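# Chain and residue survey
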Amino acid sequence: MDPVVVLTLVAVVVVVFLMASAVRIVPQARRYNIERFGRYRRTLQPGLNLVLPVADRVNTKLDVREQVYSSDPRPVITEDNLVVNIDTVLYYQITDPRSAAYEVADYLQAIDQLTVTTLRNVIGSMDLEETLTSREEINSRLRAVLDDATGKWGIRVNRVEIKAIDPPATIKEAMEKQMRAERDKRAAILHAEGERQAKILTAEGTKQKDILEAQGTQQAMILRADGEAKAVELVFQAVHRNNADPKVLAYKYLETLPHLASSDNNTFWVIPGELTEAVRTVTRAFGDQPAEGPPRTARPEEAEATAGDTPAEGRIPELGAAAAAHEAERQAAAAVSDAKAEAVEAAKPPGTPHRGQTSGG
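Reading the values: the criteria
- Residues numbered from 1 in each chain as written.
- Predicted model: local features only at pLDDT ≥ 70, side-chain atom pairs only at ≥ 80, totals over all residues.
- Heavy atoms only, no water.
- Helix = DSSP H or I, 4+ residues; strand = E, 2+ residues; numbered from the N terminus.
- Buried < 20%, exposed > 50% of the residue type's maximum accessible area, 1.4 Å probe, protein only.
- Contact = heavy atoms within 4.5 Å.
- Areas by Shrake-Rupley, 256 points an atom, 1.4 Å probe, with all protein chains shown as cover.
- Pairing = 2+ DSSP bridges.
- Core = buried A, V, L, I, M, F, W, Y, C linked by side-chain atoms within 4.5 Å.
- Axes fitted to C-alpha atoms, helices over the stretch in contact; angles between N-to-C directions.
- Patch = residues over 30% accessible without salt bridge, like charges linked within 9 Å, V, L, I, M, F, W, Y side chains within 5 Å.
- Salt bridge = Lys/Arg side-chain N within 4 Å of Asp/Glu carboxyl O.
- Phe/Tyr/Trp six-rings, centres within 6.5 Å; stacked < 30°, edge-to-face > 60°.

The next point concerns the overall build of the protein chain. Looking only at helices and strands, the protein chain features 10 helices and nine strands. In the protein chain, which comprises 361 residues, the proportion classed as buried is 25%. Partitioning the intrachain contacts of the protein chain with sequence separation of at least 6 by distance along the chain shows that 63% fall at a separation of at least 24. Of the accessible surface of the protein chain, which amounts to about 24,400 Å², a share of 57% is contributed by carbon and sulfur atoms.

Before going further, it helps to examine the environment of V89. Considering the arrangement of structural elements, one finds V89 in strand 8 (residues 83–94). You can call V89 buried: its relative accessible area is 12%. Here the alpha-carbon distance between V89 and I162, two residues 73 residues apart in the chain, equals 6.2 Å. Sequence-distant contacts of V89, defined by excluding residues within four places in its chain, comprise V68, Y69, S70, R159, V160, E161 and K163.

Phi is positive for F37, which is not a glycine, with a value near 55°. Mapping F37 onto the fold places it in the loop between strand 2 (30–36) and strand 3 (39–44). Taking relative accessible area as the criterion, F37 reaches 70% and is therefore assigned exposed. A positive phi angle, near 70°, is found at V54, a position not held by glycine. Counting through the fold element by element, V54 comes out in the loop between strand 4 (47–50) and strand 5 (56–63).

For the rest of this paragraph, the subject is the pairing of strand 7 (residues 74–77). Bridge count between strand 7 and strand 8: four bridges; the pairing is antiparallel. Bridged to V76 within strand 8 is V84. Following strand 7, the chain reverses through five residues before pairing antiparallel with strand 8; N81 in that reversal takes a positive phi of roughly 60°.

Moving on, we come to the nonpolar core. Among the nonpolar cores identified, the biggest contains 27 residues, and I86, L90, L119, I138 and I155 are the most heavily contacted of them. When residues of this core are traced back to their parent elements, those giving at least two are strand 8, helix 3 (107–123), helix 5 (135–150) and strand 9 (155–166). Discounting chain neighbours no more than four positions away, the residues touching I155 are Y92, Q93, I94, T95, Y107, I111 and T150. If you look at the next biggest cluster of nonpolar residues, it comprises five residues, including V26, Y32, I34 and V51.

This next bit is on the sheet that holds strand 3. Paired through their backbone hydrogen bonds, the strands of a sheet run either parallel or antiparallel. Taken together, the three strands give an open sheet; going across it, the order is 3-2-5, and neighbouring strands pair in antiparallel fashion. If you trace the sheet from one side to the other, it starts and ends with strand 3 and strand 5, each paired once. Pairs of neighbouring strands in the sheet enclose a mean axial angle of 25°, with direction left out of account. Bridging between strand 2 and strand 3 involves five bridges; their strand directions are antiparallel. Across the sheet, the residue bridging to Y32 is L44, located in strand 3.

Glancing now at a nonpolar patch on the surface. Where nonpolar side chains cluster on the molecular surface, the patch consists of V6, V10, V14, F17, L18 and V54 and spans about 530 Å² of accessible area. Within the fold, L18 resides in helix 1 (residues 3–22).

What follows concerns the packing of aromatic side chains. Under the counting rule described, the total for this entry stands at two aromatic pairs. Between Y40 and Y102, the aromatic rings sit 5.6 Å apart at their centres with planes inclined by 70°, giving edge-to-face as the arrangement. Linking Y40 in strand 3 with Y102 in helix 2 (residues 97–102), this pair joins segments that are 62 residues apart in sequence. When its relative accessible area of 26% is taken as the criterion, Y40 is described as partly exposed. An angle of 65° between the planes, with centres 6.1 Å apart, marks the rings of Y92 and Y107 as edge-to-face. Linking Y92 in strand 8 with Y107 in helix 3, this pair joins segments that are 15 residues apart in sequence.

Right under this line is the structure:
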């Protein structure tokens, strides 16, 4: 082969290699740190970039997007000497590729160790109860410390989140018992409140029912009393309008008297003292005797009945309800019978023997 052709081919290959070495294509959201003879030269931006072949080389390739770093659970001692395992999640972003490559050897390890030490300082000043309920405060304090320390590394910490806090098994069991006790307490309180409200509502309902029943009874009694009053008034007006004499009133009195004991609820009945006067009035009415005439001599059996039935106080003693009704009816019938008999005797012509007299004397 001709040496000229060989040299030409070698020259072409060298030129192609140099041109390929001089071109660098950087993807989006990436940054390349370029060193020239071992010294930092510049940082390549996304797109097509030209470098000096052989003299320039890419040292580090960095991703400037926001990244997530999850650490392993680390034991931390609280203020009340309890060991809890806490794992965190870190959101960070590289803002200065040069500082991230040359200010710290391994920024991820540095951030992890800084997070652990800061977390132990923060948790060491809190007890377990405060640790479990103060996650926002812990996150804000961690973020402030990490952002201040990583600023010179060209890294910005956006968020720090506590992923889990795991207390010991005995503490978990005690917390579960406490939680169950609190729930049982709230359930008992709610049950008691429900029973209290139910009793109050029941009492209010009973009260309203009693009030309404009392008002209904009152209205019924008032209406019944008004009706009885109007009925008595109408009877009274009818009696006075018809000018009924004492004879008719006495007869109606004796006719109504046996019905006073007709109720089943009466256990005794008092015969009023006006019964004798009513009997006398009826007797005089049927005997055509004037009210002002001399009184009829009572027969021995009537005298005995009157003397035996009327006490010293002027009223007939209390009898049983049924016996009193029969006695009143018997006396009324006897009085009417005697009055009719006397009327018949009075109508006989003179000289005719009267009842109870013999023909000889």
